[in-house]
Amino acid sequence: MALWDRIKESASTMQTQLVAKKNDLKSGAFRDASMAMCALVAAADGTIDPAERQRVAQLIATNEVLQNFPADDLRRRFEENLNKLTADFAFGKVSVLQEIAKAKKKPAEARAVIQIGIVIGGADGDFDKTEQAVVREACFTLDLPPHEFDL
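Because the structure is predicted, anything quoted here is derived from the model rather than measured.

(A) Seen up close, the overall build of the protein. On a plain count of helices and strands, the protein comes out with seven helices and zero strands. Written out in order from the N terminus, the α and β elements of the protein read α-α-α-α-α-α-α. Per-residue burial over the protein gives 49% buried out of 151 residues. Of the roughly 7,400 Å² of accessible surface on the protein, a fraction of 53% belongs to carbon and sulfur atoms.

As structure tokens, then:
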């Protein structure tokens, strides 16, 4: 199977698993950690262009699992995290990883945050090395083994 197909299949599988758990993913910690993860993946290469920002914002707005939360609230949290990362990536990353760590107490939420990172990273069909690296780092933040997610 081509790498492109594996990425699409993995993102699709992750999304299916997320939808199955939708009713369990309603906490503020999950919301905050998810938006931090989306921003981290979007800015993984240290920059984010307007088209990428718009694409990720659109994915957030249309993701079935994230519809548990008001879209305006999600967008605001996503933008706040992005602003931290674009102002100073290294310092912003520390703050964003702290947001991601909020999901650590509930293993199902922690896994769902990682899955959202993979869905966002694979949405353009290219879950590249920098995106994989930040999702792997988030795994360590959440005390989850990266190999569980093929990272």
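(B) Looking closely at the environment of Ala71. As for its position among the elements, Ala71 is in helix 4 (residues 71-87). Spatially, the C-alpha atom of Ala71 lies 7.9 Å from that of Ile60, the residues being 11 residues apart in sequence.

(C) Representation of helix 4 in the model. A rise of 1.5 Å per residue sets the reference length of helix 4, with its 17 residues, at 24 Å; its end C-alpha atoms lie 24 Å apart and thus fit the reference within 8%. Taken as a whole, helix 4 has its buried residues at Asp73, Leu74, Arg77, Phe78, Glu79, Asn81, Leu82 and Leu85. Buried positions along helix 4 lie against helix 2 (28-42), helix 3 (50-62) and helix 5 (89-101).

(D) Representation of the packing of helix 3 against helix 4 in the model. Interaxial distance between helix 3 and helix 4 falls to 10 Å at its minimum, and their mutual angle equals 145°. The handedness of the crossing between helix 3 and helix 4 is right-handed. Listed contacts from helix 4 to Arg53, Gln54, Val56, Ala57 and Ile60 of helix 3 are Leu74, Arg75, Phe78, Glu79, Leu82 and Asn83. When the residues that make up the contact of helix 3 with helix 4 are grouped by side-chain class, the tally is six nonpolar, two polar and three charged.

(E) Quick look at helix 2. In this model, helix 2 (15 residues) spans 21 Å end to end at C-alpha, consistent with the 21 Å of a helix rising 1.5 Å per residue. Taken across its 15 residues, helix 2 has 13 buried, putting it largely inside the fold.

(F) Spotlight on the nonpolar core. One finds Phe30, Phe78, Ile100 and Ile114 to be the most contacted residues of the largest nonpolar core, which totals 44 residues. Of all the elements in the fold, those that place two or more residues in this core are helix 2, helix 3, helix 4, helix 5, helix 6 (107-122) and helix 7 (129-141). No other element matches helix 2, which puts 10 residues into this core. Among all residues touching Ile114, those that are not within four sequence positions of it are Met37, Val135, Ala138, Cys139, Leu142, Leu144 and Phe149.

(G) Main features of the packing of helix 2 against helix 6. Between helix 2 and helix 6, whose axes approach to 9 Å, the crossing angle comes to 30°. Considering their axes alone, helix 2 and helix 6 lie roughly parallel with respect to each other. With respect to the hand of their crossing, helix 2 and helix 6 are arranged in right-handed fashion. Counting all contacts with helix 2, which are made through Ala29, Phe30, Ala33, Ser34, Met37, Cys38 and Val41, the residues of helix 6 involved are Glu109, Ala112, Val113, Ile114, Ile116, Gly117, Ile120 and Gly121.

(H) Quick look at the environment of Gln58. The residue Gln58 is located in helix 3 in this model. Gln58 sits 17 residues away from Arg75 along the chain, and the two C-alpha atoms are 9.4 Å apart.

(I) Examining the packing of aromatic side chains more closely. Evaluation of the coordinates by the stated rule reveals one aromatic pair. Look at Phe30 and Phe69: their rings are 6.3 Å apart centre to centre, the planes differ by 35°, and that puts the pair in the tilted class. Residue Phe30 is found in helix 2, and its partner Phe69 is found in the loop between helix 3 and helix 4; the two are separated by 39 residues along the sequence. The exposure classification of Phe30 matches that of Phe69, with both residues buried.

Rules of the game
Residues numbered from 1 in each chain as written. Predicted model: local features only at pLDDT ≥ 70, side-chain atom pairs only at ≥ 80, totals over all residues. Heavy atoms only, no water. Helix = DSSP H or I, 4+ residues; strand = E, 2+ residues; numbered from the N terminus. Buried < 20%, exposed > 50% of the residue type's maximum accessible area, 1.4 Å probe, protein only. Areas by Shrake-Rupley, 256 points an atom, 1.4 Å probe, with all protein chains shown as cover. Expected span 1.5 Å × (residues − 1). Contact = heavy atoms within 4.5 Å. Axes fitted to C-alpha atoms, helices over the stretch in contact; angles between N-to-C directions. Left-handed = near helix turned anticlockwise from the far one by under 90°. Nonpolar A, V, L, I, M, F, W, Y, C, P; charged D, E, K, R; others polar. Core = buried A, V, L, I, M, F, W, Y, C linked by side-chain atoms within 4.5 Å. Parallel < 35°, antiparallel > 145°, perpendicular 65-115°, else oblique. Phe/Tyr/Trp six-rings, centres within 6.5 Å; stacked < 30°, edge-to-face > 60°.

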